[in-house]
Amino acid sequence: MTIRTTFPSGSDECAAWLTVPDSAGTHPVVVLVHGGGATHAMMLDQYEQAFAHAGLAVLAFDFRHLGESGGEPRQLVDQRRYAQDVDSALAFARSRPELDADRIALWGTSFGASHVLAAAARHQNLRAAVVQCPVFSGRAVVSRAGLRHLLRLTFPVVSDLIRATLRLPRRYVPLVGRPGELAFVNQPGALEGWRSVMPAGYDFDNRITAASGLDMLFYNAASAAPRVQCPLLVCACDRENLIDPAIAGRVAAAAPRATLNHYDADHFTVYHPPVVEKVLTDQIDFLTTHLL
């Protein structure tokens, strides 16, 4: 059973979805953290249902400024606020009587893996953490398109910074586009991949405030890996097309209790059959080992 709820974070509220197994008693819980610019609607339900079927409660949410959550301006990417949202989600999970506050794990996909890694370094009492198709460095994604691409973003970023300072309407740029287009992510196949994880008829707000790019460029969660003390499962895609897949290996090597699994997938096929069944089986084995 999944219920729609909310929890407070900062001066706004995050939309949240709590899925609880049918069995009685208090349940261990996995907190799901979606990817950058994505929302709960973008295929998180398959993880909710699979984990709940295995006896694990699941709490998913939209970051502030995105999806069904509050926050203005819309489509703002702010790593400090997102870290606060993850902390607020963990606090909310611990407050629920049907959830076991001592058996909590974090799960993150794509850029959400950065938030999970950073949060696992902050919260030493987590039982486990799982990341898949991890993006641990925003700079590695944006800069992969080359210096000319970065220079094209300079004017929109500066313009948005000035607008934010003057409290004017923000300047937006597309989040994802085709190769050569002005978008923060324009790798081959990226736009098609984003669309592949959207439900039919979904109205995807394909933009972010331009100054969010600076936040992404200077966010490097990989540096937190040595401080992650809980068991960590890194599900890496060997055909990763948004970021150098070697970064996932380096993070796994740096985390004291990490396990690195490889999959023959790119950044988006990992969400779809046949790969997703194998990924889910491995993640459930890992989570039940450490939570049940």
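Just above, that's the structure.
Along each chain, residues carry numbers from 1 onward, in the same order as the chain's sequence is written. Reporting of local features is limited, given that this is a predicted model, to residues whose pLDDT is at least 70; pairs of side-chain atoms are given and counted only at 80 or more, and all residues count toward the totals for whole chains, interfaces and linings. Note that water and hydrogens are dropped before the side-chain values are worked out from all heavy atoms of the structure.

A. Geometry of the overall build of the protein. The way it works is that DSSP assigns letters per residue, a run of H or I at least four long becomes a helix, a run of E at least two long becomes a strand, and they are numbered from the N terminus. Broken down by element type, the protein carries 10 helices and 10 strands. For the radius of gyration, the atoms used are the C-alpha atoms, and the globule rule reads 2.2 Å times the number of residues raised to 0.38. At 18 Å, the protein has a C-alpha radius of gyration in line with the 19 Å of a compact globule built from 292 residues. Counting only C-alpha atoms, the protein reaches 55 × 40 × 40 Å along its principal axes. A simple rule labels every residue: compare its accessible area, found with a 1.4 Å probe on the protein chains alone, to the largest value its type can have, and call it buried under 20%, exposed over 50%, or partly exposed in between. Residues classed as buried in the protein amount to 57% of the 292 residues present. For every accessible area listed, the method is Shrake-Rupley and the probe measures 1.4 Å; residues are considered covered only by the protein chains on display. Roughly 11900 Å² of accessible area belongs to the protein as shown, and the carbon and sulfur atoms make up 55% of that amount. A positive count includes Lys and Arg, and a negative count includes Asp and Glu. His and the chain ends are not counted in either. Taken as the charge centre is NZ of Lys, CZ of Arg, CG of Asp or CD of Glu, depending on the residue. With 26 positive and 28 negative side-chain charges, the protein shows a spacing of 8 Å between the two charge centroids.

B. Structural detail: the pairing of strand β1 (residues 2–9). Two strands are said to pair when DSSP picks up at least two bridges between them. Alignment of β1 against strand β2 (residues 12–19), held across 8 bridges, turns out to be antiparallel. Bridged to Thr5 within β2 is Ala16.

C. Layout of unusual backbone geometry. For the bond from Glu72 to Pro73, the omega torsion is 0°, close enough to zero to count as cis. Residue placement: Pro73 occurs in the loop between β4 (57–61) and α2 (79–95). Going from Pro273 to Pro274, the amide bond is cis rather than trans, its omega being 0°. Inspection of the secondary structure assignment puts Pro274 in the loop between β10 (258–263) and α10 (275–291). Positive phi, normally seen in glycine, also occurs at Met43, with a value near 70°. Relative to the helices and strands, Met43 is located in the loop between β3 (27–33) and α1 (45–53).

D. Summary view of the nonpolar core. Among buried residues, the Ala, Val, Leu, Ile, Met, Phe, Trp, Tyr and Cys ones that are joined through side-chain atoms within 4.5 Å form a nonpolar core. Counting 101 residues, the largest nonpolar core has Phe51, Phe61 and Trp194 as the members making the most contacts within it. Per-element tally for this core: the top contributor is α10, with 8 residues. Should any heavy atoms of two residues lie within 4.5 Å, those residues are counted as being in contact. Look past the residues within four positions of Phe61 in its chain and what remains in contact with it is Phe7, Cys14, Ala15, Ala16, Trp17, Val31, Leu32, Val33, His34, Asp85, Val86 and Ala89.

E. A look at α1. Of the residues making up α1, those classed as buried are Tyr47, Glu48, Ala50, Phe51 and Ala52. The secondary structure elements touched by the buried residues of α1 are β2, β3, β4, β5 (99–109), β6 (128–132) and α10. One or two positions beyond α1, positive phi appears at Gly55, with a value near 95°.

F. Representation of a nonpolar patch on the surface within the structure. To count toward a patch, a residue needs a relative accessible area above 30% and no salt bridge. Like charges then connect within 9 Å, nonpolar side chains (Val, Leu, Ile, Met, Phe, Trp, Tyr) within 5 Å. For salt bridges, the criterion is a side-chain nitrogen of Lys or Arg within 4 Å of an Asp or Glu carboxyl oxygen. Together, Val158, Ile162, Leu166 and Leu168 make up an exposed nonpolar region whose accessible area comes to about 360 Å². Given a relative accessible area of 47%, Ile162 falls into the partly exposed group.

G. Region of interest: the sheet that holds β2. The sheet built from 8 strands is open, its strands ordered β1-β2-β4-β3-β5-β6-β9-β10 with mixed pairing. For this open sheet the edge positions go to β1 and β10, each flanked by a neighbour on one side alone. For this sheet, the mean angle separating the axes of adjacent strands, direction not counted, is 25°. Taken together, the 4 bridges between β2 and β4 define a ladder with antiparallel strand orientation. Along β4, the bridge assignment pairs Leu18 with Leu59. Axis definition: a line fitted to C-alpha atoms, over the contacting stretch in the case of helices. Angles run 0 to 180 degrees between N-to-C directions. Its contacts with the sheet place α2 against β1, β2, β3, β4 and β5, and it is angled at close to 120° to β1. Its contacts with the sheet put α10 on β3, β5, β6, β9 (232–237) and β10, and the angle it makes with β6 is roughly 170°.

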